[in-house]
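Chain by chain, the residues run as shown.
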Amino acid sequence: MSDCGRPGGERKAVSRYEASQTTGIVISTVWVIGLSIVAKALALIKDIVVAARFGTSAEMDSYLVALTIPALVIAWCRSPIRSGFVPLFTERLERDGERRAWSDAGIFMTDFLLLILVATVVVLVLAPLMVSLVAPGFGESSHALATSLTRVMALSVLFSTMAGLFANILHCYRNFAIPGLGRPLNNVIMILAAVFLTRTHGIHGLAYGILLGSIAHAAVQLPSIRRRARGLTLRIDFRHPMFLGVMRLALPLFIGMAGAKLDDVVDRVFASMLAEGSISGLSYALRLIELPKEILIVGFSTVLFPFFSTMAARGRIDELADKLMAAMRIAFFILLPASIGMAVLGEPLVRLIFQRGAFDDESMRFTVSALLLYTPTIWALGISSIMTSAFIAMKDTKRPVIAGFVRLGVKVGLVLVFVRMFESAGVALSTSVSHVFKLVLFFFLLPKQLRSGRYPALFRSFLATALATAVMAVVLRLLSPVAVTIGLRGSITWQITALGGMAVVGTGVYWAAARVLAPNELREMLKVSSSGIRSFVTRMQGKN
């Protein structure tokens, strides 16, 4: 009799299966993270090429305004896929089998893509009005260019939504490799478009790159979808339970997405009324902010959410609260010095990455001033994201959505004041202040059972981290003229060496200051890092 034929053998078989599942999850996660890093690196190269070609010009401003409109539609169109389609499709796969699942999925796909086609036509027809709403300060030539670019990129709405739908279907089959190739492929196409198509088509070459990238993203997944599709039925039925169920689950995310995406629209609206190049400068600064924001913040919230949800589901609220406070302490310990370091070294960083070709000194001024005032969003948004995970784990989705809309209202009020004082940098400042306001609001809105008696220790930890960061900031500020001087006179190699040296010095000073001023935070971060590395190695070896 084999091992699996006896009770002990069954336990071993289950153990091997769970180990296999765990290893598969870890490998898939590593694959997705690796492709994300590749995509980010390619996106940065794309931004460097685009900045060298167009700088902070009126053409670039028009392109960014035009990009805002289809990006907003795509974000809203993808929401129902993530929030509603995946759980319902997975449920049908498990309960009814592939043929029934694909039959229902085909009806949903037909209904949904028909709606997307209608949305695409609406964008094509109403493009002039939409540009006027997003960029009311544009002159006639900029408005006409933005309208033309919007109509080219509107066609990407259909293909990008199809790509998102295909990716989520493949995720249900635990296939992360093929969907993960989409973003790197898209960025490669954009780099080629920026290098070659812009020579003959000008700024329209970037719009064609967006369209070609969306087509490629959908096409690369199509063979895998065709191999999986069994019983696929393409039929229009807006009363079908699958379609209605997805839309019902998606409604809260639609509302929440509105607040998040309208933030970009607000930036475009006010920046369009300022000096030429303001929109471009803000966009380049945000690109740099997104690097630590996406790598660190998304990592924190993605990893913590399932743990928080499990604790809440099991009624271990005190443990959830303790883990939440620990996560916020560690996040602040990492994100605050990262944001301050980026603020202090903003000028040499922008000069190294962007200043070449059409990206001149005026472009530097726009981008550096915006970067300086955007940096507080790194730590404020990071802590807010962790707290949002706790809210959702406690099945409270209403308060985070309300807080998001309140933050947007505060931002609009602030930007009306700040743009008069700081021009385009005032848009960045209003964004940062509104995110800090939302964080403060979250501290009041957090459920009492998660915060009761825990805030004093948390705020003492924040203060210790702030003091250690202040020491680092003073040292970097004293040394930053060296990096700036090398940036003005030295080669790219010298610029990289100077900036890298400053980063090493800043890290060393912060480490030394933290050992004195924030020893508990430093010890906790090292403990978590060491535990995480050991756990990762163990899982990769297939052990429990």
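Residues numbered from 1 in each chain as written. Predicted model: local features only at pLDDT ≥ 70, side-chain atom pairs only at ≥ 80, totals over all residues. Heavy atoms only, no water.

**Q** Got a minute to help me understand helix α14 (residues 376-393) in this structure?
**A** An α-helix turns once every 3.6 residues. As a result, residues three or four positions apart point the same way. Its 18 residues place the ends of α14 26 Å apart at the C-alpha level, agreeing with the 26 Å of an ideal helix rising 1.5 Å per residue. For α14, the tally of buried residues reaches 15 of 18 residues, placing the bulk of the element in the interior. Immediately downstream of α14, the backbone of Lys395 shows phi near 60°, a positive value. (Helix = DSSP H or I, 4+ residues; strand = E, 2+ residues; numbered from the N terminus. Expected span 1.5 Å × (residues − 1). Buried < 20%, exposed > 50% of the residue type's maximum accessible area, 1.4 Å probe, protein only.)

**Q** Help me understand the pattern of salt bridges in this model?
**A** If charged atoms from side chains of opposite charge come close, those side chains can pair. Going through the model one piece at a time under the given rule, you end up with 11 salt bridges. Of the charged contacts in the structure, one is a salt bridge between Arg235 and Asp237, with a shortest N-O distance of 3.7 Å. For Asp237, a relative accessible area of 22% gives the class partly exposed. (Salt bridge = Lys/Arg side-chain N within 4 Å of Asp/Glu carboxyl O.)

**Q** What am I meant to see in the environment of Tyr173 here?
**A** Within the fold, Tyr173 resides in the loop between α5 (156-172) and α6 (177-180). Residue Tyr173 is classed as buried on the basis of its relative accessible area, which comes to 17%. The residues contacting Tyr173, other than those within four sequence positions of it, are Phe89, Leu93, Glu98, Trp102 and Arg228. (Contact = heavy atoms within 4.5 Å.)

**Q** When you look at unusual backbone geometry in this model, what are you seeing that I'm missing?
**A** Most peptide bonds take the trans configuration, and most residues that are not glycine carry a negative phi. Even without a glycine there, the phi angle at Glu423 is positive, about 55°. Mapped onto the fold, Glu423 is located in the loop between α15 (398-422) and α16 (424-445). Overall, Glu423 belongs to the partly exposed group, its relative accessible area being 47%.

**Q** Looking at this structure, I do not really get the packing of α14 against α16. What am I missing?
**A** A pair of packed helices can be characterised by two numbers: the angle between their axes and the separation between those axes. Two numbers describe how α14 lies on α16: the axes approach to 9 Å, and their chain directions differ by 30°. As summarised for this structure, α14 and α16 are arranged roughly parallel, according to the angle between their axes. For α14 against α16, the interelement crossing comes out left-handed. Residues Pro376, Thr377, Trp379, Ala380, Leu381, Ile383, Ser384, Met387, Thr388 and Phe391 of α14 form the contact with α16, whose participating residues are Thr431, Ser432, His435, Val436, Leu439, Phe442, Phe443 and Leu445. Tallied by class, the residues present in the contact of α14 with α16 amount to 12 nonpolar, 6 polar and no charged. (Axes fitted to C-alpha atoms, helices over the stretch in contact; angles between N-to-C directions. Parallel < 35°, antiparallel > 145°, perpendicular 65-115°, else oblique. Left-handed = near helix turned anticlockwise from the far one by under 90°. Nonpolar A, V, L, I, M, F, W, Y, C, P; charged D, E, K, R; others polar.)

**Q** Explain the nonpolar core to me, please; I cannot follow it from the model alone.
**A** Within soluble globular proteins, side chains that are nonpolar generally end up buried alongside one another. If you look at the biggest cluster of nonpolar residues, it comprises 130 residues, and the most contacted ones within it are Tyr63, Phe85, Phe89, Ile169, Leu324, Met328 and Met387. With residues near it in sequence (within four places) discarded, Ile169 still touches Phe85, Phe89, Trp102, Met109 and Ile225. (Core = buried A, V, L, I, M, F, W, Y, C linked by side-chain atoms within 4.5 Å.)

**Q** Would you take a moment to explain the packing of aromatic side chains for this structure?
**A** Two aromatic rings are characterised by how far apart their centres lie and by the angle between their planes. In total, this model carries 16 aromatic pairs according to the counting rule given. Relative to Tyr510, the ring of Phe333 lies with its centre 5.1 Å away and its plane at 40°, an arrangement referred to as tilted. In this pair, Phe333 sits in helix α11 (residues 317-344) while Tyr510 sits in helix α19 (residues 492-517), placing the two residues 177 residues apart along the sequence. For the pair formed by Phe333 and Tyr510, the shared burial category is buried. Here the aromatic cluster, defined as three or more aromatic residues joined through ring pairs, consists of Phe332, Trp379, Phe443, Tyr455, Phe459 and Phe462. The ring of Phe54 has Arg53 sitting right over it, with the charged end atom 4.7 Å from the ring centre. Over the face of the ring belonging to Phe366 we find Arg365, whose NZ or CZ atom lies 4.8 Å from the ring centre. (Phe/Tyr/Trp six-rings, centres within 6.5 Å; stacked < 30°, edge-to-face > 60°. Lys NZ or Arg CZ within 6 Å of the ring centre and 35° of its normal.)

Geometric values such as these leave the question of function open.
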